[in-house]
Amino acid sequence: TAEVERVLRVLDGAVAVFCGIRGVQAQSETVWRQANRHRIPMLAFVNKLDREGASYERVIRQIAQRFHVSAVAMQVPLTKDNGFIGMIDILTGQCVGEGNPNIDFSEDEQVKAARTHLVECLAETDDEVMTDYLSDREPDEATLRRALRKAVLKRSLLPVFGGSAAKDIGVDALLDAVRDYLPSPSESIRKKLEGIGMLVFKVYPPEVFGEMLFCVRLYGGHVGNGTRLVNPRN
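Residues numbered from 1 in each chain as written. Predicted model: local features only at pLDDT ≥ 70, side-chain atom pairs only at ≥ 80, totals over all residues. Heavy atoms only, no water.

1. Examining the overall build of the protein
Next up, step 1: Each helix and strand in the protein was counted, giving eight helices and nine strands.
Next up, step 2: With the C-alpha coordinates of the protein rotated into their principal frame, the extents come out at 60 × 40 × 35 Å.
Next up, step 3: Relative to its 234 residues, the protein shows a buried fraction of 40%.
Next up, step 4: Considering only intrachain contacts with a sequence separation of at least 6, the fraction spanning at least 24 residues in the protein is 65%.
Next up, step 5: Computing the positive centroid from 30 side-chain charges and the negative centroid from 32, the protein places the two 10 Å apart. (Helix = DSSP H or I, 4+ residues; strand = E, 2+ residues; numbered from the N terminus. Buried < 20%, exposed > 50% of the residue type's maximum accessible area, 1.4 Å probe, protein only. Contact = heavy atoms within 4.5 Å. Lys, Arg positive; Asp, Glu negative; His and termini not counted. Charge placed at Lys NZ, Arg CZ, Asp CG, Glu CD.)

2. Examining the environment of Phe209
Next up, step 1: Its place among the elements puts Phe209 in helix H8 (residues 206–209).
Next up, step 2: Residues Phe209 and Leu144, spaced 65 residues apart in sequence, show a C-alpha to C-alpha distance of 47 Å.

3. Description of the packing of helix H4 (residues 109–123) against helix H6 (residues 141–153)
Next up, step 1: Between H4 and H6, the least distance of the axes is 10 Å, while the angle of their chain directions is 55 degrees. Between H4 and H6, the interaxial angle falls into the category oblique. Considering how the two elements wind past one another, H4 and H6 form a crossing that is left-handed. Contact residues: H4 offers Arg115, Leu118, Val119 and Leu122, while H6 offers Glu141, Leu144, Ala147, Leu148 and Ala151.
Next up, step 2: By residue class, the composition of the contact of H4 with H6 is seven nonpolar, no polar and two charged. (Axes fitted to C-alpha atoms, helices over the stretch in contact; angles between N-to-C directions. Parallel < 35°, antiparallel > 145°, perpendicular 65-115°, else oblique. Left-handed = near helix turned anticlockwise from the far one by under 90°. Nonpolar A, V, L, I, M, F, W, Y, C, P; charged D, E, K, R; others polar.)

4. Concerning the sheet that holds strand E1 (residues 14–19)
Strand pairs in the sheet, formed through backbone hydrogen bonds, run parallel or antiparallel to each other.
Next up, step 1: In space, the four strands of this open sheet follow the order E1-E2-E7-E3, with parallel pairing throughout. Each edge of the sheet is formed by a strand with only one pairing partner; in this case those strands are E1 and strand E3 (71–73). Across the sheet, the mean angle separating the axes of adjacent strands is 30 degrees when strand polarity is ignored.
Next up, step 2: For E1 and strand E2 (residues 42–47), the ladder comprises six bridges, and the chain directions are parallel. In the strand pairing of E2, Val17 is matched with Phe45.
Next up, step 3: Together, E1, E2 and strand E7 (158–162) form the strand contacts of helix H2 (residues 26–37), whose direction differs from that of E1 by roughly 165 degrees. (Pairing = 2+ DSSP bridges.)

5. Overview of the nonpolar core
Next up, step 1: One finds Met74, Leu118, Leu122, Leu157, Phe161 and Tyr181 to be the most contacted residues of the largest nonpolar core, which totals 31 residues.
Next up, step 2: For this core, the leading source of residues is H4, giving seven residues.
Next up, step 3: Counting residues in hydrophobic clusters, the runner-up holds 25 residues, among them Ala16, Ala44, Phe67 and Ala73. (Core = buried A, V, L, I, M, F, W, Y, C linked by side-chain atoms within 4.5 Å.)

6. Quick notes on the sheet that holds strand E5 (residues 83–89)
Next up, step 1: With respect to topology, three strands assemble into an open sheet ordered E4-E5-E6, the strand pairing being antiparallel. The open sheet has two edge strands, strand E4 (75–80) and strand E6 (95–97), and neither has a second partner. For this sheet, the mean inter-axis angle between neighbouring strands, taken without regard to orientation, is 40 degrees.
Next up, step 2: One ladder, built from six bridges, connects E4 with E5; its direction is antiparallel. By the bridge assignment, Leu78 is partnered in E5 with Gly86.

7. Some thoughts on the packing of aromatic side chains
Next up, step 1: Scanning all chains against the criterion turns up three aromatic pairs.
Next up, step 2: Aromatic pair Phe18 and Phe67: ring centres 6.2 Å apart, planes at 45 degrees, arrangement tilted. Taken together, the positions of Phe18 in strand E1 and Phe67 in helix H3 (residues 56–67) put the pair 49 residues apart, joining distant regions of the chain.
Next up, step 3: Exposure remark for Phe18: the relative accessible area of 2% places this residue in the buried category.
Next up, step 4: Taking the centre distance of 5.2 Å and the plane angle of 80 degrees together, the rings of Tyr204 and Phe209 count as edge-to-face.
Next up, step 5: Aromatic rings pair up to connect Phe18, Trp32 and Phe67 into one cluster.
Next up, step 6: Directly above the ring of Tyr204 sits Lys202, whose terminal nitrogen or CZ lies 4.9 Å from the centroid. (Phe/Tyr/Trp six-rings, centres within 6.5 Å; stacked < 30°, edge-to-face > 60°. Lys NZ or Arg CZ within 6 Å of the ring centre and 35° of its normal.)

8. Examining the pattern of salt bridges
Next up, step 1: Considering all chains together, one arrives at 14 salt bridges under this definition.
Next up, step 2: Salt-bridge contacts for Glu128 lead to Arg146; the nearest nitrogen and oxygen are separated by 3.0 Å. Here Glu128, found in helix H5 (residues 127–134), pairs with Arg146, found in helix H6; they are 18 residues apart in sequence, far enough to count as distant.
Next up, step 3: Judged by its relative accessible area of 40%, Glu128 falls in the partly exposed class.
Next up, step 4: Residue classification places Arg146 among the partly exposed positions, given a relative accessible area of 36%.
Next up, step 5: Here Arg179 ties to Asp180 by a salt bridge, and the two come within 2.9 Å at their closest N and O atoms. (Salt bridge = Lys/Arg side-chain N within 4 Å of Asp/Glu carboxyl O.)

Written as structure tokens, this is what we have:
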């Protein structure tokens, strides 16, 4: 918990990883409270969906109930012969994983239902999506992505992705989502400073690497070899 607390203080965004079998666990709640305290934009990833007893939908319900957050599925699990083989992106209808990426699943009933739910959630936070929704028009992919990014930055919506890290299913899609929806350092909610400003969030004692090492988050200016810094606290 202490290690997580140190890191959360300097993050611009984070991915919360949940077990597809056990769902939301006690440590998950501890980390979530800390992330809330620092107001960090979040994505969620449900892992181990290839394991027996895993349920993507059940974990999403748990996340929504335990954390009181609007958790929306961004993908739908794809199975074959009762075995998990991939995830279907509800925005593109494409499969990520071991399934055929050339098949368009946009008209699949589960995909359509998940996309409709996403549109309904985004309509509550975005005027353009609301206008399309009330006009009975389907918002295009670009509009949904833009609205989703804005909702994530405002922490009004939690997109949930899924897959199996062990089988490398869904990991690339998750990294794309980090790029698309979480803030870049230039968009940090923390105020940028004029001149040098940084926070030391972790210190390694000499016995670890032979000399003291400091992990820092730089908020302004430039630090190079020989730079002299002053700690204003003391």
